[in-house]
Amino acid sequence: MSGRAGVSVRRWVLDLSAVTALLAVPIAGFWPTFGGPTYLPAAIGGALLGVGLAALCAWLRWGVLPLAGLTVVAYFLFGGALALPHTAVLGVIPTIDTLGRLALGVVTSWKQLLTTVAPVAASDGHLIVPFLLSLVAAVLTASLALRLRTPAWALIPAAAFLVAQIALGTSQPAVPVVQGVVFALVAAIWLALRQSWEHGTGAVPLGDGAAPVRGVAARRLILGGAVVAIAALVGVATSAFAAPQSPRYVLRDVVIPPFDVHAYPSPLQSFRAYVRDFPDEPLFSVTGMPEEARVRLATVDAYDGTVYNVSDDGAGTSSAFSPVRGNMSAQAEGTPATVRVEIGALEGVWMPEVGAVRSIAFDGDRAEDLRRTAYYNEGTSTAVVTRELSEGDAYTLESVVPSTPSDNALEGDDFAPVALPDQEGVPQAFVEIASEAVAEATTPIEQVRALQTMLSEGGFFSHGLEGEVLSRAGHGAERISTLLGSDQMVGDDEQYATAMALLAREIGIPARVVMGFYPEEDTAGEPVFTATGDTLHAWVEVAFEEHGWVTFDPTPAEDQVPNDQTTKPRADPKPQVLQPPPPPQEPVDLPPTVPDDRESEDESTFDAALLALIVVIGIGVLSVLALLAAPFIVIGALKAARRRRRREAERAADRISGGWDELVDRAKDYGTPVTPGATRTEDAGVVEAAFTEPRVTTLARRADLEVFGPSEPTPDDVAEFWRQVDEIVGGMGAGRSVWNRLGARLSLRSLLAGTRFALPDRRPHAPRRPRARAEGHETPSDRAPEPDAPQENA
């Protein structure tokens, strides 16, 4: 007995160790997705929970249903502490919000992980994915390893976990060679040891037979070592060959976030409208903004001769938006600031923000809708929300405000080699104007200052509103050509910022235009900044190699106005060689807008895509539920068919024997250690002791009398016998829990009895005794008295 227990303990230690090592391989693969070890508590905790539950249920011989129920309970009970600690009380006790997010995360966490640019933030709820995968994979892998005699079946869920991790990960794997080698080595060594132990548990012949057995063991050891070596070599060769040459395709590369910034007009087109229509009306208010900080609304870097807009996909960085998360702008340096923004009359998709934003927390009734539709561009520090902002919306920004370097700090700094889209529709005369302006500059910062000074000191300011000098709106090529070609340059931030950016780009200076807000000098530093049309500005940012994007203001001061109300061309304007014809003249105060039908078309397309995604997710969830319920349905159907076959057997004696077998099988499902091949009297003693049911022994005697008697039982005898069987079977669940009764109904113990997949029993059995049965049923030819059968009818 002690030898058998020692073998069982040794096997359990081996199985659980192998399962843990197999699960560690995909867990390690999540490292690039989270950019560090922040996910390890959730993933490792889920794996340990799953292994523990599988071991407990295997030791107690509980069926599939109790194990599934405990897994669900563990997911909700420990999910708060491991996956959503920021929503739990003290980081441990789950709240209603925690339970709701865990339930919803089973369906939505996968999409959120795939549509978020890696590395993802642990604080955004993405830990649900590694926690849930580790928990389920550990339960399945450990259960199959401990319960089945063939442990190779346990490799299926472990391999599925690895495949899921790869699909949900990044195109740059963590350690592909090490992952493949470790998985192959663990699997090969585990299976080899299990196989050798299975063969080694039998009796070892003595004397002359000992040498052959040792020879067989040695050959098996050598063969197992060869298998391990081959698996390692194949894993290394395959990983080394595939990693550097073949691309790794993951779901993240094909799942595209449902947002296209080009579906919305450039905000710079509405510059003059904001100035004209909201001169004093609060557009929004900002609390906690540092004194020298500015509120950014949008950044544009692509010019097509008519509009300055965000670049097309693949050109520049202004279109690289991704869903907001909790670890944005990780490389930003500067002064941390907590800024709260409350929206007033401002409407549209462009969000006001300060500095490099690390996280965004929305408030109000629409907080969840805004969060789900918010996107951020780390390269341009710009945010949008497709739900569109409206009055009453509010959010809090955790930002880093960079400091503005001095000219002395920029003196030895070169321009940064950033990728910007090519400019289109720019008059060729701009190259000569820019070259003439920077002719005397010797350093990069002097070149930028020369362009800025030419515009800010050589031009005049006017919005072109009532009572002001005429100044047309817009920033097309014709408008900027008129500005630069006039004897008196007149315009506002829209024209001057565009002019400086175009001139700078023509001579190789990396520049872009920013539209935003900042207070006047006399109100800077106040606790609350209220943005209006009067505080709207546009400026230029130039990229330096060591200091990043630096701000420059080319717009003249607002009190720098021309002497008369008209502007004249220069007396001797520079010739514009091969200048393309100017585009149609733009309206004075009506900037271009996007037709409404395009917006409705985009919305309908998005709604259709969203509906299709919901349908696909719903089908997937139903498929998973059907797959999970399939084993229960199949088990119940098999047991019902078995009972019907026994109850409706052709011979009456077989129906009596089948009734007894039905009783014994139901006892097996409750975990009763019934010995295969034992007599009915021996089975009755075990069942009676387990359920305290004295009628079992009486029923066993009656079964022997009916089966081995001189005549066939009558239909009434069969009906009465089955009635008593049903009563005893029905009473087996008395005093037991609902989970215990359901587990017995869905247990595989009686179905697998006598097969190679029979579940191991840790209780001692009575000595086996041969018994004449075919599928548990005696035939009349077998009805000879057994050694311990009653002889009254002989």
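Shown above is the structure to which this text applies.
Note that the coordinates shown come from a computational prediction; the quantities given were computed from them, not determined experimentally. (Residues numbered from 1 in each chain as written. Predicted model: local features only at pLDDT ≥ 70, side-chain atom pairs only at ≥ 80, totals over all residues. Heavy atoms only, no water.)

## Some thoughts on the sheet that holds strand E18 (residues 548–552)
Next up, step 1: Pairing is antiparallel in the open sheet, where 5 strands are placed in the order E8-E2-E15-E17-E18. Two strands close off the open sheet at either side, each with one partner strand: strand E8 (353–354) and E18.
Next up, step 2: As judged from the 5 bridges shared by strand E2 (residues 295–300) and strand E15 (residues 511–517), these two strands associate in the antiparallel manner. Counterpart to Ala-298 in the pairing with E15 is Met-515.
Next up, step 3: Taken strand by strand, helix H16 (residues 493–506) contacts E15, strand E17 (536–544) and E18, and its axis lies near 15° from that of E17. (Pairing = 2+ DSSP bridges. Helix = DSSP H or I, 4+ residues; strand = E, 2+ residues; numbered from the N terminus. Contact = heavy atoms within 4.5 Å. Axes fitted to C-alpha atoms, helices over the stretch in contact; angles between N-to-C directions.)

## Here's the deal with the sheet that holds strand E9 (residues 356–363)
Next up, step 1: Strand order in this open sheet of 5 strands is E9-E12-E6-E1-E16, and the pairing throughout is antiparallel. Both edges of this open sheet fall to E9 and strand E16 (528–531), since each of them pairs with a single strand only. Strand after strand, the sheet turns through a mean of 20° between neighbouring axes, direction not considered.
Next up, step 2: Summarising the sheet, strand E6 (residues 335–343) and strand E12 (residues 394–401) pair through 8 bridges and their orientation is antiparallel. The residue of E12 that forms the bridge with Glu-342 is Ala-394.

## A closer look at the pattern of salt bridges
Next up, step 1: On inspection of all chains with the given rule, the structure shows 28 salt bridges.
Next up, step 2: With a shortest N-O distance of 3.4 Å, Asp-15 and Arg-11 are connected by a salt bridge. Pair noted here: Asp-15 and Arg-11 are both in helix H1 (residues 2–29), with a separation of 4 residues, about one helical turn. Note on accessibility: Asp-15 and Arg-11 belong to one class, buried.
Next up, step 3: Several salt bridges share partner residues, and in doing so they unite Arg-642, Arg-646, Glu-662, Asp-665 and Lys-668 into one network. (Salt bridge = Lys/Arg side-chain N within 4 Å of Asp/Glu carboxyl O. Buried < 20%, exposed > 50% of the residue type's maximum accessible area, 1.4 Å probe, protein only.)

## Here we look at helix H19 (residues 680–691)
Next up, step 1: When the terminal C-alpha atoms of H19 are compared, their 16 Å separation across 12 residues agrees well with the 16 Å that a helix rising 1.5 Å per residue should span.
Next up, step 2: Residues Arg-680, Asp-683, Ala-684, Val-687 and Phe-691 constitute the buried set of H19. Viewed along the axis of H19, the buried residues span an arc of 100°, placing them on a single side of the element.
Next up, step 3: Contact partners of the buried residues in H19: helix H18 (652–669) and helix H20 (695–708). (Expected span 1.5 Å × (residues − 1). Arc of directions from axis to C-beta.)

## Description of a nonpolar patch on the surface
Next up, step 1: On the surface, a cluster of nonpolar side chains totalling about 370 Å² of accessible area is made up of Leu-56, Trp-59, Leu-60 and Trp-62.
Next up, step 2: Among the structural elements, Leu-60 can be located in helix H3 (residues 40–60). (Patch = residues over 30% accessible without salt bridge, like charges linked within 9 Å, V, L, I, M, F, W, Y side chains within 5 Å. Areas by Shrake-Rupley, 256 points an atom, 1.4 Å probe, with all protein chains shown as cover.)

## Observations concerning H3
Next up, step 1: In this model H3 runs 30 Å from its N-terminal to its C-terminal C-alpha over 21 residues, within 8% of the 30 Å that 1.5 Å per residue would give.
Next up, step 2: Looking one or two residues past H3, Arg-61 carries a phi angle of roughly 60°, positive in sign.

## Regarding the environment of Thr-672
Next up, step 1: For Thr-672, the location among the structural elements is in the loop between H18 and H19.
Next up, step 2: Not counting the four nearest positions on each side in its chain, Thr-672 is found in contact with Ala-667, Val-686, Val-687, Ala-690 and Phe-691.
Next up, step 3: At 2.9 Å, the side chain of Thr-672 forms a polar contact with the backbone oxygen of Ala-667. (Polar contact = N/O pair within 3.5 Å; in protein donor to acceptor, adjacent residues only side chain to side chain.)

## Re the environment of Ala-429
Next up, step 1: On the secondary structure map, Ala-429 appears in helix H13 (residues 429–437).
Next up, step 2: Note on Ala-429: relative accessible area 6%, which makes it buried.
Next up, step 3: Each C-alpha atom of the pair Ala-429 and Ser-481 lies 8.8 Å from the other, and the pair is 52 residues apart in sequence.

## Thoughts on a negative patch on the surface
Next up, step 1: A contiguous patch of negative charge, built from Asp-280, Glu-468, Glu-520, Glu-521, Asp-522, Glu-526, Asp-534, Glu-558 and Asp-559, is present on the exposed surface.
Next up, step 2: Of note, Glu-558 is situated in the loop between E18 and helix H17 (596–647).
Next up, step 3: A relative accessible area of 44% places Glu-558 in the partly exposed class. (Lys, Arg positive; Asp, Glu negative; His and termini not counted. Charge placed at Lys NZ, Arg CZ, Asp CG, Glu CD.)

## Here we look at the environment of Phe-131
Next up, step 1: If you trace the backbone, Phe-131 turns up in helix H6 (residues 128–147).
Next up, step 2: Accessibility expressed as a relative area gives 0% for Phe-131, which makes it buried.
Next up, step 3: Along the chain, Phe-131 and Ala-43 lie 88 residues apart, while their C-alpha atoms are 4.7 Å from each other.

## Concerning the packing of H3 against helix H4 (residues 64–82)
Next up, step 1: Interaxial distance between H3 and H4 falls to 10 Å at its minimum, and their mutual angle equals 155°. Overall, the two elements H3 and H4 adopt an arrangement that is roughly antiparallel. As H3 runs across H4, the sense of the crossing is right-handed. Across the interface between the two elements, Pro-41, Ala-42, Gly-45, Gly-46, Leu-49, Leu-53, Ala-54 and Cys-57 of H3 pack against Leu-67, Leu-70, Thr-71, Ala-74, Phe-78 and Leu-82 of H4. (Parallel < 35°, antiparallel > 145°, perpendicular 65-115°, else oblique. Left-handed = near helix turned anticlockwise from the far one by under 90°.)

## As for the side chain of Gln-724
Next up, step 1: Note that Gln-724 resides in helix H21 (residues 715–731).
Next up, step 2: Look at Gln-724 and you get buried, because its relative accessible area is 18%.
Next up, step 3: Those residues within four positions of Gln-724 in sequence are excluded, and the remaining contacts are Leu-699 and Arg-702.

## Details of unusual backbone geometry
Next up, step 1: The phi dihedral of Ser-329 falls on the positive side, at around 50°, and the residue is not glycine.
Next up, step 2: Note on placement: Ser-329 falls in the loop between strand E5 (322–323) and E6.
Next up, step 3: Of note, Ser-381 is a non-glycine position whose phi angle comes to about 55°, a positive value.
Next up, step 4: Examined against the element boundaries, Ser-381 turns out to sit in the loop between strand E10 (374–377) and strand E11 (382–389).
Next up, step 5: A relative accessible area of 14% places Ser-381 in the buried class.

## Considerations on the packing of aromatic side chains
Next up, step 1: Applying the stated criterion across every chain yields a total of 14 aromatic pairs.
Next up, step 2: Centre to centre, the rings of Tyr-75 and Phe-131 are 5.8 Å apart; their planes meet at 20°, and the pair counts as stacked. Of this pair, Tyr-75 sits in helix H4 while Phe-131 sits in helix H6; the two residues are 56 residues apart in sequence, bridging distant segments of the chain. Each member of the pair Tyr-75 and Phe-131 is classed as buried.
Next up, step 3: Through a chain of ring-to-ring contacts, three or more aromatic side chains come together here, namely Phe-30, Phe-34 and Tyr-39.
Next up, step 4: Above the ring of Trp-539, the side-chain terminus of Arg-294 is found at 4.8 Å from the ring centroid.
Next up, step 5: The ring of Trp-549 carries Arg-512 above its face, with NZ or CZ at 3.7 Å from the centroid. (Phe/Tyr/Trp six-rings, centres within 6.5 Å; stacked < 30°, edge-to-face > 60°. Lys NZ or Arg CZ within 6 Å of the ring centre and 35° of its normal.)

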